[in-house]
Amino acid sequence: MTNIPSDLLPEGFRDRLPPHAASAAKLTRAMLDVLASHGYGRVEPSMAEFEETMAARSGGMMRNRLLRFSDPVSGHTLALRGDITVQVGRIATTRLADAARPLRLSYRGHVLRLKAAPLRPEREITQLGAELIGNDSVAAASEIVAVAIEALEAAGVKDIIADFTLPDLVELLAKDALPLPSEKIDAVRTELDMKDAGGLAALGAQAYLPLLEATGPFAEAAAKLEAIDSDGLLSSRIAGLREIAERLEGRATITLDPTERHGFEYQSWFGFTLFARGHAAALGRGGTYTITRDDGSEEAATGFSLYPDPLMDGILDADEDKRLFLPLGTDPAKAARLRGEGWITIAALDGHDDARRLGCGHILHNGRAVPTE
Ligand SMILES: N[C@@H](Cc1c[nH]c[nH+]1)C(=O)O
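- The name an unreviewed UniProt entry assigns to the chain is ATP phosphoribosyltransferase regulatory subunit, from the organism Sphingorhabdus arenilitoris.

**Details of the overall build of the chain**
Next up, step 1: The secondary structure content of the chain amounts to 11 helices and 16 strands.
Next up, step 2: The proportion of buried residues among the 373 residues of the chain is 45%.
Next up, step 3: Within the chain, contacts between residues at least 6 apart in sequence are counted, and of these 64% link residues at least 24 apart.
Next up, step 4: When the accessible area of the chain is evaluated, it comes to approximately 19100 Å², of which 54% is carbon and sulfur surface.
Next up, step 5: Of the side chains in the chain, 41 bear a positive and 55 a negative charge, and the two mean positions are spaced by 4 Å.

**A short note on the pairing of strand β11 (residues 279-292)**
Next up, step 1: Where strand β10 (residues 267-276) meets β11, 6 bridges bridge the pair, whose relative direction is antiparallel. Bridging across to β11, A276 finds its partner in H279.
Next up, step 2: Hairpin connection of β10 to β11: 2 residues between the antiparallel strands, including G278 at a positive phi of 90 degrees.
Next up, step 3: Here β11 pairs with strand β12 (residues 298-306) via 9 bridges, running antiparallel. For T288, the partnering residue across the bridge sits in β12 and is T302.
Next up, step 4: Connecting the antiparallel pair β11 and β12 is a turn made up of 5 residues, with G296 showing a positive phi of about 90 degrees.

**Thoughts on the nonpolar core**
Next up, step 1: Of all hydrophobic cores here, the largest spans 66 residues; its most connected members are F164 and Y208.
Next up, step 2: If one sorts the elements of this core by residue count, helix α4 (residues 138-154) sits on top with 10 residues.
Next up, step 3: Listed in part, the 14 residues of the second largest apolar core include V88, L103, I133 and Y289.

**Brief notes about the site of the ligand**
Next up, step 1: As a matter of local geometry, the ligand sits amid 15 residues, with D83, T85, Q267, R285 and Y307 nearest to it.
Next up, step 2: Between E131 and the ligand, the recorded distance is 2.9 Å, taken from a side-chain N or O atom to a nitrogen atom.
Next up, step 3: Within the contact set of the ligand, a nitrogen atom lies 2.9 Å away from a side-chain nitrogen or oxygen of Y266.
Next up, step 4: No other element matches β11, which puts 4 residues into the shell around the ligand.

**So, α4**
Next up, step 1: Between the first and last C-alpha of α4 there are 24 Å, a value that for 17 residues agrees with the 24 Å anticipated at 1.5 Å per step.
Next up, step 2: All of the buried residues along α4 are V138, A140, A141, S142, I144, V145, V147, A148, I149, A151 and L152.
Next up, step 3: Capping the start of α4 is the job of one residue whose side-chain oxygen sits 3.3 Å from the backbone nitrogen of A139: S137.
Next up, step 4: Phi turns positive one or two residues past the end of α4, at G156, with a value near 85 degrees.

**Digging into the packing of aromatic side chains**
Next up, step 1: A complete count under the given rule lists 5 aromatic pairs for this structure.
Next up, step 2: On the basis of an interplanar angle of 80 degrees and a centroid distance of 5.2 Å, the ring pair of F164 and F270 is categorised as edge-to-face. With F164 in strand β7 (residues 160-165) and F270 in strand β10, this pair connects stretches of sequence that are 106 residues apart. For the pair F164 and F270, a shared accessibility class is recorded, and that class is buried.
Next up, step 3: A centroid spacing of 5.7 Å and a plane angle of 25 degrees characterise the contact between F270 and F272, whose relative ring orientation is stacked. With respect to class, F270 is no different from F272; both count as buried.
Next up, step 4: Three or more aromatic residues link up through ring pairs in this structure, and these residues are F164, F218, W269, F270 and F272.

**Section: the packing of helix α1 (residues 20-37) against α4**
Next up, step 1: Between α1 and α4, whose axes approach to 8 Å, the crossing angle comes to 150 degrees. Between α1 and α4, the angle is such that the two are roughly antiparallel. The two elements α1 and α4 meet at a crossing, and its hand is right-handed. Across from A30, M31, V34 and L35 in α1, the residues of α4 making contact are V147, E150, A151 and A154.
Next up, step 2: In terms of residue class, the contact of α1 with α4 is built from 7 nonpolar, no polar and 1 charged.

**Focus on the pattern of salt bridges**
Next up, step 1: The final tally for this structure, using the stated rule, is 17 salt bridges.
Next up, step 2: Here R14 ties to D309 by a salt bridge, and the two come within 3.9 Å at their closest N and O atoms. With a gap of 295 residues between them, R14 in the segment before α1 and D309 in helix α10 (residues 309-314) connect regions that are remote in the sequence.
Next up, step 3: By relative accessible area, which is 4% here, D309 ends up buried.

How each quantity is defined
- Residues numbered from 1 in each chain as written.
- Predicted model: local features only at pLDDT ≥ 70, side-chain atom pairs only at ≥ 80, totals over all residues.
- Heavy atoms only, no water.
- Helix = DSSP H or I, 4+ residues; strand = E, 2+ residues; numbered from the N terminus.
- Buried < 20%, exposed > 50% of the residue type's maximum accessible area, 1.4 Å probe, protein only.
- Contact = heavy atoms within 4.5 Å.
- Areas by Shrake-Rupley, 256 points an atom, 1.4 Å probe, with all protein chains shown as cover.
- Lys, Arg positive; Asp, Glu negative; His and termini not counted.
- Charge placed at Lys NZ, Arg CZ, Asp CG, Glu CD.
- Pairing = 2+ DSSP bridges.
- Core = buried A, V, L, I, M, F, W, Y, C linked by side-chain atoms within 4.5 Å.
- Near = heavy atom within 4 Å.
- Polar contact = N/O pair within 3.5 Å; in protein donor to acceptor, adjacent residues only side chain to side chain.
- Expected span 1.5 Å × (residues − 1).
- Phe/Tyr/Trp six-rings, centres within 6.5 Å; stacked < 30°, edge-to-face > 60°.
- Axes fitted to C-alpha atoms, helices over the stretch in contact; angles between N-to-C directions.
- Parallel < 35°, antiparallel > 145°, perpendicular 65-115°, else oblique.
- Left-handed = near helix turned anticlockwise from the far one by under 90°.
- Nonpolar A, V, L, I, M, F, W, Y, C, P; charged D, E, K, R; others polar.
- Salt bridge = Lys/Arg side-chain N within 4 Å of Asp/Glu carboxyl O.

Right, dumping it as structure tokens:
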């Protein structure tokens, strides 16, 4: 006997019921079809992996965010996946190491978090995305952002905002242009991420303050960033961002926040976050990164992950109009024909089944579908 009520799930987990689960599947299909149409082959990575190797691939930040358990079979600690991108990287550089590059792969699945984010109670989160392995050029980044936006559009999302960032900006500047001792880099990145001018000053990193101003609508913010970059150290990156932004013209509003690093643990020169009007939380994120193989060599990649749960929870596929009640004794061949015409048939199993209570807008009467009373 247990004291846990049967309808209680652990915090952050949930079931999806009809009709929400069906709507979610439909939306997922629409987004995956977009990825498939651009040549991204579907992979289904495993739910769990050895914690040690998964954490190593996820960038240092990830380790304390993984849900772990000890596996009596292998005797090792396993982790439930927290990000499918790193699994795709593993597959691409191991079992698909010999596949032609660039290698386009797509995925959909649940990822798990040890702790929920402050404003999002879920710990089991749908992640759907695409990874372009073997290339992190401007062309690759342009394709990835465009495909991500197209997938959101296929899910009915309007007024999309793509917020660009330069995830390795501080490391790059700290080397030469705005020198920083290596032990301060992380602290400066954190203050910039929090837009904390006082914190930057306290760290003696005043030189980084102007970066906080280079934020906002893309054209203006990029010009400000260019003005700060007197040595031209960032010129190729800024040119890259401009090219990506140009290709997206009319598809999304582009903004720039070059110091945003939240959620960009492993991305390199380019990162982006996708928002849409009516959704407070980001709907997706992506960028360029490198995958490290077991022998220490590296492979470039670019990709995105969408987090579509908020979209799935909003819509409701009202199908009552299409649900047709079939009284006892209905000819199975007739029923099959009706399904072929698009009806959802609900067959009576005994005389007590009730069309209305079973959510049927229609009932088969004398061979014809008539509205239920
Ligand atoms: N998986 C990353 C986004 C990403 C995909 N590819 C590259 N970056 C995330 O969810 O934050």
